[in-house]
Amino acid sequence: MMRSCLRPTGMVFLAALSLAHLPATARADDPAPTQAPAAAQVAAPAAVPPTTMRPEERGLMIFQQVCSSCHSMERAHYGDMIDLQPSVTALQHWAQQRHAGLESPIASPYPSVAVGKANNGGDYPPDLSHIARTIRGGPDYIRQMLAGYRPVPPGVTLAPNTYYNPIALTHHHKFKMRPPLHEGMIAFPDGTQATIPQMASDVTAFLQWADDSHRSTRHFIGTAVLLYLALLGGILLALWRLLKKEA
């Protein structure tokens, strides 16, 4: 009995609910519907300029992609480059390509001196560990020499696998090292144009850094030792004064 009484009531409720969801018919005196405001124009974020690289960092890229194909840097290890290449994975990949590890020195790519000479016109590529300090003329000479290759002038004859470089410290400026740098050969992440003078300057800065790559570490350790000694001296002085006062 109760179920039959509730059934009409439920039907009335459902009908009312359906009518409530039907669209209302607009009357003549109803105001026009308000348009939804247009979405606000959001300005696109300004392009973030790439992080500027230090010359030594660009120089490391040049050394990795160009110089290390012929030259060694036996006094430096792959892991030492972490100051210039913060990606350990990238350094590991570079070392593994040369069958080495982060703790390994940057050895010559040639298995022997004879092979190195055979691939470089009879001259074995020198180790670059301290060349910025030991070569005559220093960094200025390296920078000018790398950018100093010129076409062979009239009247000058070159032997095979020999190049003309008026800056080179060789007999009659005849150089057996082929021109290592070419315009646009490297894409620097900071957008720096890879011109020959720019790359010569950057790789020279890297060679100067590599000549004493542990300088910052030594400075840090030296400063820490001095601070420790100063603190220890202060403690000992205070203790001496205390003992002298009690005596």
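Every value quoted in this text rests on a predicted model; they were computed, and no experiment measured them. (Residues numbered from 1 in each chain as written. Predicted model: local features only at pLDDT ≥ 70, side-chain atom pairs only at ≥ 80, totals over all residues. Heavy atoms only, no water.)

## Regarding the overall build of the protein
- Along its length, the protein carries eight helices and four strands.
- Counted from the first residue to the last, the protein has its helices and strands arranged as α-α-β-α-β-α-α-α-β-β-α-α.
- Burial status across the protein gives 27% buried among its 247 residues.
- If you take every contact in the protein between residues at least 6 apart in sequence, the share linking residues at least 24 apart comes to 60%.
- Total accessible area computed for the protein in this model is approximately 17,200 Å², and 63% of it derives from carbon and sulfur atoms. (Helix = DSSP H or I, 4+ residues; strand = E, 2+ residues; numbered from the N terminus. Buried < 20%, exposed > 50% of the residue type's maximum accessible area, 1.4 Å probe, protein only. Contact = heavy atoms within 4.5 Å. Areas by Shrake-Rupley, 256 points an atom, 1.4 Å probe, with all protein chains shown as cover.)

## A word on the pattern of salt bridges
- Scanning the model with the defined rule gives five salt bridges in all.
- Here D202 and R58 are joined by a salt bridge, their closest N and O atoms 2.7 Å apart. Residue D202 is found in helix α7 (residues 196-211), and its partner R58 is found in helix α2 (residues 55-65); the two are separated by 144 residues along the sequence. The pair formed by D202 and R58 is uniform in burial state, with each residue classed as buried. (Salt bridge = Lys/Arg side-chain N within 4 Å of Asp/Glu carboxyl O.)

## Topic: helix α6 (residues 138-146)
- All of the buried residues in α6 are G138, Y141, I142, M145 and L146. Here the buried residues of α6 occupy an arc of 120° about the axis, which is enough to place them on one side.
- Buried residues belonging to α6 abut α5 (131-134), β4 (174-175) and α7. (Arc of directions from axis to C-beta.)

## Focus: the nonpolar core
- I62, M73, M81 and F206 are the most contacted members of the largest nonpolar core, which totals 37 residues.
- Breaking this core down by element, the ones donating at least two residues are α2, β1 (73-77), α3 (88-97), α5, α6 and α7.
- When residues of this core are assigned to their parent elements, the largest contribution, seven residues, is made by α7.
- Contacts of M81, omitting those with residues within four sequence positions, involve L60, M73, A76, L91, W94, I106, F206 and W209. (Core = buried A, V, L, I, M, F, W, Y, C linked by side-chain atoms within 4.5 Å.)

## Structural notes on the packing of α6 against α7
- Contact geometry for α6 and α7: axes closest at 8 Å, N-to-C directions at 150°. Judged by the angle between their axes, α6 and α7 are roughly antiparallel. The handedness of the crossing between α6 and α7 is right-handed. In contact with P139, I142, R143 and L146 of α6, α7 contributes I196, A200, S201, V203, T204, L207 and Q208.
- Residue composition of the contact of α6 with α7, by class: seven nonpolar, three polar and one charged. (Axes fitted to C-alpha atoms, helices over the stretch in contact; angles between N-to-C directions. Parallel < 35°, antiparallel > 145°, perpendicular 65-115°, else oblique. Left-handed = near helix turned anticlockwise from the far one by under 90°. Nonpolar A, V, L, I, M, F, W, Y, C, P; charged D, E, K, R; others polar.)

## Quick look at the environment of I167
- On the secondary structure map, I167 appears in the loop between β3 (163-164) and β4.
- I167 sits in the partly exposed class, given a relative accessible area of 30%.

## Here's the deal with a nonpolar patch on the surface
- A cluster of nonpolar side chains, namely Y228, L229, L232, L236, L239, L242 and L243, defines an oily patch on the protein surface of about 680 Å² accessible area.
- Relative to the helices and strands, L236 is located in helix α8 (residues 215-246). (Patch = residues over 30% accessible without salt bridge, like charges linked within 9 Å, V, L, I, M, F, W, Y side chains within 5 Å.)

## A word on the environment of F206
- Turning to its location among the elements, F206 is positioned in helix α7.
- According to the relative accessible area criterion, F206 is buried, its value standing at 0%.
- Distance from F206 to M61, taken between C-alpha atoms, is 9.4 Å for residues 145 residues apart in sequence.
- Leaving out residues up to four positions away in the same chain, F206 has contacts with E56, G59, L60, F63, M73, M81 and L84.

## Some thoughts on the confidence of the model for the protein
- Residues of the protein with pLDDT of at least 70 account for 74%, and the chain-wide mean is 81.
- Here residues 1-34 is modelled with pLDDT under 50, and outside its nearest four sequence neighbours on either side it reaches one contact, counting other chains as well.
- Within the model, pLDDT remains below 50 along residues 36-49, and this stretch shows zero contacts once partners closer than five positions in the same chain are excluded. (pLDDT = per-residue confidence, 0-100.)

## Digging into the packing of aromatic side chains
- Following the criterion strictly, the structure yields five aromatic pairs and no others.
- Considering the side-chain rings of F63 and W94, the 6.3 Å spacing of their centres and the 90° angle between planes classify their relative orientation as edge-to-face. In this pair, F63 sits in helix α2 while W94 sits in helix α3, placing the two residues 31 residues apart along the sequence.
- Its relative accessible area of 0% is what places F63 among the buried residues.
- What makes W94 buried here is its relative accessible area of 7%.
- With a centroid separation of 6.0 Å and an interplanar angle of 25°, the aromatic rings of F206 and W209 are classed as stacked. In this pair, F206 and W209 are both assigned in helix α7, three residues apart and thus about one turn of the helix distant. As far as the burial class goes, F206 and W209 line up, both buried. (Phe/Tyr/Trp six-rings, centres within 6.5 Å; stacked < 30°, edge-to-face > 60°.)

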